[in-house]
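Take a look at the letters that make up each chain.
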Amino acid sequence: MSRSLKAATAVGALLLATACGSSGTPSSAGGLNPPDLEAQKKLGKTEGKVNLIAWAGYVEDGSNDPKVDWVSDFEKQTGCQVSTKTAATSDEMVSLMKSGQYDAVSASGDASLRLIASGDAAPVNTKLVPNYKDVFAGLKNQDWNSVDGVPYGIPHGRGANLLMYNTKKVTPAPDSWSAVFDKASAHKGKVTAYDSPIYIADAALYLMKTKPSLGIKNPYALDQKQFDAAVQLLKEQNANIGEYWGDYLKEISAFKSGNSVVGTAWQVIVNAAQAEKAPVKAVLPKEGATGWSDTWMISAKAKHPNCAYKWMDWIISPKANAQVAEYFGEAPSNAKSCALTSVKDHCATYHAADEPYWKKVHFWTTPVPQCLDGRKDTKCVPYSKWVQAWTEIKG
């Protein structure tokens, strides 16, 4: 899948990128059996360069905007020259990582477990990343960035998928995802949804709260019956969808024109739409929400592992993490970054330190056959089947 970003305003309309895992208390993707790889034990001499795969807006060197640059100082301080391949989708990231030409990737939740299971990503020694100690606890050792307590990446930032609505057309103000599911017909043709197979988890989350008899415990761990119920709900929703959105600039335009009046959005989209005078507000519904958190992962075939470790530490350092979070439009992963954002209420707006808020968010995680909710007596529907179903849902 793909995810658009605030950075699109600087570099043009970009395809959407992706993100990650499951919510709340620390856990890990038990049940996976990745290759037996060891994390690097100590840092050696830097190699003079590092090759990265990243979402647009994550590795800015001033070439898109001279005022937006957290790469140049990294290069000066470490001697590691940065080369970046900007990816448009998680599938592209996975393919590029398999080539062995890249050292690290800003992987999203629909890619991270694939990279771990295939042996393309190596475990990470967090002791070699000094700034890791200041990363919010709620981002450490989660389903999308660890396996059986072994970390496979360094958290970059996070965001929630919110319910945005037109305050003039949708009354009373909604507080439930029923606005886009059971009650979507009230706005037939003007409902919008995120265009990605991972959106099936949004339907699963809604059913988890409204149909407990299905027994859903994790919206990314669905057995066939649970999966079929989510797919059916989305097929019913499809009759009321005006458009599925991928490019966030188009979603803003649709809400400004009135072509869309209710649907999924990110905080950065809400901010941008309000800045353009669209009559919108957003809410984290009572059922909770899905969300995303990207992770910097190191290649098991990295040719420049020492520079890669230096980069992972740099991008979550307080200043750099504040810069990228503000530019991209997300909550930073480093708690100390909040004091360094140019917009002083950035972290409040994005709920950076609000752990009770994040406990309601189920972060994107790659669906795998080994059920992430701990069930051992059944197989869950893998992501490849989600991709097939999404095509059917959209007709």
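The present account deals with the structure reproduced in this document.

Cut-offs and rules
- Residues numbered from 1 in each chain as written.
- Predicted model: local features only at pLDDT ≥ 70, side-chain atom pairs only at ≥ 80, totals over all residues.
- Heavy atoms only, no water.
- 1 Å grid on protein atoms, 1.4 Å probe; cavity = no way out; pocket = protein on both sides within 12 Å on 5 of 7 lines; lining within 4 Å.
- Points joined across faces, edges and corners; volume = space filled by probe spheres on them.
- Helix = DSSP H or I, 4+ residues; strand = E, 2+ residues; numbered from the N terminus.
- Nonpolar A, V, L, I, M, F, W, Y, C, P; charged D, E, K, R; others polar.
- Phe/Tyr/Trp six-rings, centres within 6.5 Å; stacked < 30°, edge-to-face > 60°.
- Buried < 20%, exposed > 50% of the residue type's maximum accessible area, 1.4 Å probe, protein only.
- Pairing = 2+ DSSP bridges.
- Axes fitted to C-alpha atoms, helices over the stretch in contact; angles between N-to-C directions.
- Contact = heavy atoms within 4.5 Å.

### Examining empty space enclosed by the protein
The rolling of a water-molecule-sized probe over the atoms marks out the regions of remaining empty space.
So, point 1. Going through the model one piece at a time under the given rule, you end up with two cavities of 30 Å³ or more.
So, point 2. Space inside the largest cavity adds up to approximately 50 Å³.
So, point 3. Lining the largest cavity, in full, are Gly159, Ala160, Leu162, Gln267, Thr349, Tyr350, His351, Tyr357 and Trp358.
So, point 4. For the lining of the largest cavity, the elements supplying multiple residues, two or more each, are β7 (157-160) and α12 (355-358).
So, point 5. When the residues that make up the lining of the largest cavity are grouped by side-chain class, the tally is five nonpolar, four polar and no charged.
So, point 6. Empty space within the second largest cavity amounts to approximately 30 Å³.
So, point 7. Around the second largest cavity sit Gly159, Ala160, Trp266, Gln267, Val268, Trp292, Gly329 and Tyr350, which together line it.

### Looking at the packing of aromatic side chains
So, point 1. Within this structure, the stated rule accounts for 18 aromatic pairs.
So, point 2. On the numbers, 6.0 Å between centres and 75° between planes, the contact of Trp292 with Phe328 is edge-to-face. Linking Trp292 in strand β13 (residues 289-292) with Phe328 in helix α10 (residues 318-328), this pair joins segments that are 36 residues apart in sequence. By the burial criterion, Trp292 is buried, and Phe328 matches it.

### Description of the sheet that holds strand β12 (residues 280-283)
Paired through backbone hydrogen bonds, the strands of a sheet run either parallel or antiparallel to each other.
So, point 1. In space, the five strands of this open sheet follow the order β10-β9-β11-β8-β12, with mixed pairing throughout. Edge positions in the sheet fall to β10 (241-245) and β12, since each of these pairs with one other strand and no more. Here the average twist between neighbouring strands, direction ignored, is 30°.
So, point 2. Summarising the sheet, strand β8 (residues 162-166) and strand β11 (residues 262-265) pair through four bridges and their orientation is antiparallel. Counted as the bridge partner of Met164 is Gly263 from β11.
So, point 3. Its contacts with the sheet place helix α8 (residues 267-275) against β8, β10, β11 and β12, and it is angled at close to 160° to β12.

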